[in-house]
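Residue strings, one per chain:
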Number of protein chains: 2
Amino acid sequence: MREVALVGAGMTRFTKQADVGHEALAVTAASAAVEDAGVPLAEVGAAFAASMGGGPAIAQRALRHLGLAGIPMVNVENACASSSTALVEAVAWIRAGMCDVALAMGVEIVSVQSGPLDVPDTGSGQWVFDTGLNLPAWYGLKASRHMAEHGLTREELAAVAVKSRRLSVDNPLAHFRSPVTVEEVLGSATVADPLTLFQCCPKTDGASAVVVCSADYAAARGLDPVWIRGLALVSGRPVFRDRPDAEDATRRSARLAYEQAGVDPADVDVAECHDAFTIGEVLATEALGFCPLGDGGAWIAAGATSPGGKGPVMNPSGGMLSRGHPIAASGLAQTAEVMWQLRGRCGTRQVDGARMGVVHTMGASEFELDANACVVQVLEQGRQQ
Amino acid sequence: MREVALVGAGMTRFTKQADVGHEALAVTAASAAVEDAGVPLAEVGAAFAASMGGGPAIAQRALRHLGLAGIPMVNVENACASSSTALVEAVAWIRAGMCDVALAMGVEIVSVQSGPLDVPDTGSGQWVFDTGLNLPAWYGLKASRHMAEHGLTREELAAVAVKSRRLSVDNPLAHFRSPVTVEEVLGSATVADPLTLFQCCPKTDGASAVVVCSADYAAARGLDPVWIRGLALVSGRPVFRDRPDAEDATRRSARLAYEQAGVDPADVDVAECHDAFTIGEVLATEALGFCPLGDGGAWIAAGATSPGGKGPVMNPSGGMLSRGHPIAASGLAQTAEVMWQLRGRCGTRQVDGARMGVVHTMGASEFELDANACVVQVLEQGRQQ
């Protein structure tokens with residue numbers, strides 16, 4: 001299988017900016033990624049794009065403004081893991097020898113959307129709205145279960161948000177740039193008990209993009225590679241029929257990605273995980289193998305995943321909670337952050353000596369599955385190899 | 001690059017059946033394809049699905065009813081070429097060694113949709129609605145141009161619809177099962193002059209699916225392969241900036257697919273092309289290299305692409321004009337038809353001795369591009385090899 005490298009990343013600021021529009025946001029991210037890679041635009045051999053709400057043909061509509069047209073383009077969707085899925089497709093094409101260089105991107109405008117997903121016909125997902133078991137409620141139940149089974153506390157949950165905001169102060173692209181206290185987090189409005197407002201990602205607009213290429217291309221062009229050592233995409237399983245454990249999709253995709261990479265969780269220096277809600281980071285920290293099952297809350301609250309802690313630094317960008325979560329743009333923003341960390345470019349939020357990184361993106365489901373898709377990436381700094 | 005084989009195909013009847021719903025239609029097609037392949041469901045390693053209007057996560061939502069969950073699933077979109085794009089992604093994964101067996105499918109309900117595409121923000125595509133230059137009008141202009149430049153006649157255009165309806169009489173899965181005359185075609189209401197109602201595809205609902213696998217897997221399981229010898233996907237170019245020739249996307253993708261396959265148009269026995277409007281078949285017959293530029297209308301009217309003619313038989317299923325055109329389901333219905341023809345399974349519409357086939361799917365654009373995507377497949381019967 002051909003080795004594939006990340007060689008460029010770009011993203012817009014993540015903030016409320018609906019008036020900019022999907023196409024312009026995507027162009028900003030894509031052109032930044034191509035420039036960062038140092039790849040001639042004419043050598044981009046294929047493009048893969050994702051947007052849940054940006055309308056059809058987002059790749060073609062956006063990239064023509066950049067002067068990129070005529071090449072193979074594919075639009076993908078996998079809920080919150082949509083742009084991570086775009087990356088998987090780009091890697092598949094390169095591995096298959098169908099191109100040498102590919103662009104993957106995601107874009108979303110969330111701040112002006114309202115109401116539930118519009119799911120046509122046959123009532124799939126209708127039970128979610130009938131019961132009120134939407135995603136915040138679902139994650140609220142996960143948090144309540146963790147409290148009951150493992151003794152997770154409200155203060156530990158709040159500590160996730162506090163860490164997130166502390167880190168995002170140093171991220172000029174983040175939605176939130178100011179710190180919060182445990183008291184402020186717990187004192188904010190209840191969204192789905194025990195989750196309060198500051199424990200839920202904001203409604204953010206933005207775009208992200210990466211350029212990937214074959215190892216041969218990277219070597220020939222003298223590019224600075226970040227290697228994709230592991231990359232696994234799985235879909236979820238029916239919660240009422242198969243009754244998978246609640247973090248089944250994360251556990252399965254992580255196992256596959258670690259196996260491909262030949263690494264253990266202990267080898268990881270930095271990670272971005274799917275923290276759309278604080279409990280999500282607790283569960284991902286456990287399911288990605290960074291701490292024992294049940295210990296996630298205490299682990300995070302004790303600073304193990306903060307800079308200088310004993311675990312990998314988790315969500316140095318501020319994550320979805322503070323950088324923001326423009327749905328189809330989130331996955332590649334995570335990849336961009338880990339890539340920049342591995343290249344040592346993150347300024348005041350740089351994780352010292354980061355060489356191995358993990359990205360975890362969950363495409364949650366409202367369709368009786370534990371997930372629509374979960375993607376885990378294992379990335380390694382390529383210099384001195 | 002690993003050789004990839006089609007080993008199973010399935011589709012629903014194409015007709016008005018909106019009440020069945022996207023998920024049930026997709027399940028019918030997917031289960032038929034898996035059964036046709038003779039592959040254990042548990043060995044399907046990944047799934048790729050397409051639907052323009054079926055809502056998010058159509059792969060996951062539909063396939064769980066079939067008992068297929070947990071594996072990698074990706075949803076793709078590329079306008080009318082959406083399910084052909086799903087096939088491209090399935091092939092990419094197999095070539096990359098990311099799975100050995102994959103399912104690709106498409107599903108669409110068109111008969112209850114109304115109004116134009118809902119394209120959010122920034123006005124992309126708005127000019128189409130402001131000017132009235134939607135797809136029927138666009139194809140009407142292509143027809144007028146062909147008349148002016150090459151002498152295409154209204155009767156020749158009508159002959160495409162007559163051929164289509166004559167063939168679909170023998171296709172039990174087709175939307176229309178009764179023949180029409182040139183007089184009836186020309187006497188039907190004008191949609192976009194010179195195109196009349198019977199020269200435009202109907203509003204049809206349905207689903208289609210195929211199973212593909214590696215050559216090694218096919219051999220190990222003793223499956224009956226139809227080889228994918230050529231497979232090319234290109235996107236279009238801006239009509240106002242690059243001013244590509246009107247069939248540029250077809251010509252470029254066909255050239256790539258023929259090169260990969262090492263075949264000439266003269267080697268082709270049977271083809272399905274994108275005949276959403278009669279002029280589409282005229283232009284595709286030329287751009288796919290089956291007749292000289294400008295001769296398509298006369299060629300078809302003279303019976304060259306009818307059974308027993310000197311060219312490849314074009315659209316033996318009845319094509320989009322008569323089998324119907326449920327957008328994201330059309331591409332793989334074309335693939336299914338050519339696959340069945342190459343296997344000699346088409347009963348009264350069987351093309352004698354068909355060994356080499358072509359599929360051409362155009363994802364037309366309303367965004368200032370000559371196409372969103374165009375996919376050309378070159379398929380070869382695998383027995384006695």
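One can find the structure itself at the top, above this paragraph.
Overview of the structure.

Cut-offs and rules
- Residues numbered from 1 in each chain as written.
- Chains lettered and ligands numbered in written order.
- Predicted model: local features only at pLDDT ≥ 70, side-chain atom pairs only at ≥ 80, totals over all residues.
- Heavy atoms only, no water.
- Helix = DSSP H or I, 4+ residues; strand = E, 2+ residues; numbered from the N terminus.
- Salt bridge = Lys/Arg side-chain N within 4 Å of Asp/Glu carboxyl O.
- Buried < 20%, exposed > 50% of the residue type's maximum accessible area, 1.4 Å probe, protein only.
- Patch = residues over 30% accessible without salt bridge, like charges linked within 9 Å, V, L, I, M, F, W, Y side chains within 5 Å.
- Areas by Shrake-Rupley, 256 points an atom, 1.4 Å probe, with all protein chains shown as cover.
- Core = buried A, V, L, I, M, F, W, Y, C linked by side-chain atoms within 4.5 Å.
- Contact = heavy atoms within 4.5 Å.
- Buried area = accessible area lost by both parts, 1.4 Å probe.
- Polar contact = N/O pair within 3.5 Å; in protein donor to acceptor, adjacent residues only side chain to side chain.
- Expected span 1.5 Å × (residues − 1).
- Lys, Arg positive; Asp, Glu negative; His and termini not counted.
- Pairing = 2+ DSSP bridges.
- Right-handed = clockwise from strand over helix to strand, strands pointing away.

So, about unusual backbone geometry. A cis amide bond links A:Asp193 with the next residue in sequence, A:Pro194, at an omega value of 10 degrees. Mapped onto the secondary structure, A:Pro194 falls in the loop between β5 (190-192) and β6 (195-196). Of note in the backbone geometry, A:Ala57 takes a positive phi value of approximately 55 degrees without being a glycine. With phi around 55 degrees, B:Ala79 is a residue other than glycine that occupies positive phi space.

For the rest of this paragraph, the subject is the pattern of salt bridges. Close approach of charged atoms lets side chains of opposite charge pair. If you walk through the whole model with that rule in mind, you get 42 salt bridges over all chains. Notably, a salt bridge pairs B:Arg64 with B:Glu23, separated by 3.3 Å at the nearest N-O pair. In this pair, B:Arg64 sits in the loop between α2 (58-63) and β3 (73-77) while B:Glu23 sits in helix α1 (residues 22-37), placing the two residues 41 residues apart along the sequence. Here the two residues B:Arg64 and B:Glu23 agree in accessibility, since each one is buried. B:Lys142 is the salt-bridge partner of B:Glu247, the closest N and O atoms lying 3.1 Å from each other. Linking B:Glu247 in the loop between β8 (226-234) and α9 (248-261) with B:Lys142 in helix α5 (residues 135-150), this pair joins segments that are 105 residues apart in sequence. With a relative accessible area of 8%, B:Glu247 lands in the buried category. Given the relative accessible area of 12%, B:Lys142 is considered buried. Each of the salt bridges in this network shares a partner with another, and the network as a whole consists of A:Arg237, A:Arg241, A:Asp242, A:Asp248 and A:Arg252.

Residue and element names in this part refer to chain A. A contiguous nonpolar patch, built from Val 191, Leu 197 and Phe 198 and spanning about 230 Å² of accessible area, is present on the exposed surface. Summarising the element assignment, Leu 197 is placed in the loop between β6 and β7 (206-214). Take Leu 197: its relative accessible area is 46%, and that puts it in the partly exposed class.

Attention now moves to the nonpolar core. In terms of nonpolar packing, the biggest core is built from 96 residues, with A:Val212 and B:Val212 touching the most fellow members. With sequence-adjacent residues up to four places away left out, A:Val212 is seen in contact with A:Val4, A:Ala5, A:Leu6, A:Leu87, A:Ala90, A:Ile94, A:Asp100, A:Val101, A:Ala102 and A:Ile228. Membership of the second largest hydrophobic core comes to 36 residues, among which are B:Ala37, B:Ala62, B:Cys213 and B:Ala218.

Listed by partner, the interface residues are 55 residues for chain B and 55 residues for chain A. Surface buried jointly by chain B and chain A totals about 4,100 Å² across both partners, of which 55% is contributed by carbon and sulfur atoms. Looking only at chain B, the three residues that lose the most surface to chain A are B:Pro56, B:Arg64 and B:Gly70, adding up to 13% of its buried area. Linking chain B with chain A are two salt bridges, by the criterion used here. The partner of A:Glu368 in a salt bridge is B:Arg64, and the shortest N-O contact between them spans 3.6 Å. Across the chain B-chain A interface, the total number found is 24 residue pairs in polar contact (both at pLDDT 80 or more).

What follows concerns helix α6 (residues 154-168) of chain A. Side chains three or four residues apart in an α-helix point the same way, a direct result of the helix having 3.6 residues per turn. All names here are of chain A. If you check α6, its first and last C-alpha atoms are 22 Å apart, about what 15 residues at 1.5 Å a residue would give, namely 21 Å. Burial runs high along α6: twelve of the 15 residues are buried. Taken as a whole, α6 has its buried residues at Glu 156, Leu 157, Ala 158, Ala 159, Val 160, Ala 161, Val 162, Lys 163, Ser 164, Arg 165, Leu 167 and Ser 168.

Residues and elements named next belong to chain A. Relative to the helices and strands, Asp 205 resides in the loop between β6 and β7. One buried charge, Asp 205, has no salt-bridge partner; the nearest side chain with opposite charge is Lys 16, at 6.7 Å. Aside from chain neighbours lying at most four places away, what touches Asp 205 is Arg 13, Phe 14, Thr 15, Lys 16, Gln 17, Ala 18, Glu 108, Ile 109, Val 110, Ser 111 and Pro 326.

This part takes up the pairing of β3(B). Counting buried residues in β3(B) gives five out of five residues, a clear majority hidden from the surface. Taking every second residue as pointing to the same face, both faces of β3(B) are buried, with B:Met73, B:Asn75 and B:Glu77 on one and B:Val74 and B:Val76 on the other. Both strand β3 (residues 73-77) of chain A and β3(B) contribute to a ladder of three bridges, which runs antiparallel. Within β3(B), the position partnered with A:Glu77 by the bridge is B:Asn75. Here strand β2 (residues 46-50) of chain B pairs with β3(B) via four bridges, running parallel. Its bridge partner lying in β3(B), B:Phe48 is registered against B:Val74. On the question of chirality, the crossover connecting β2(B) to the parallel β3(B) by way of α2(B) is right-handed.

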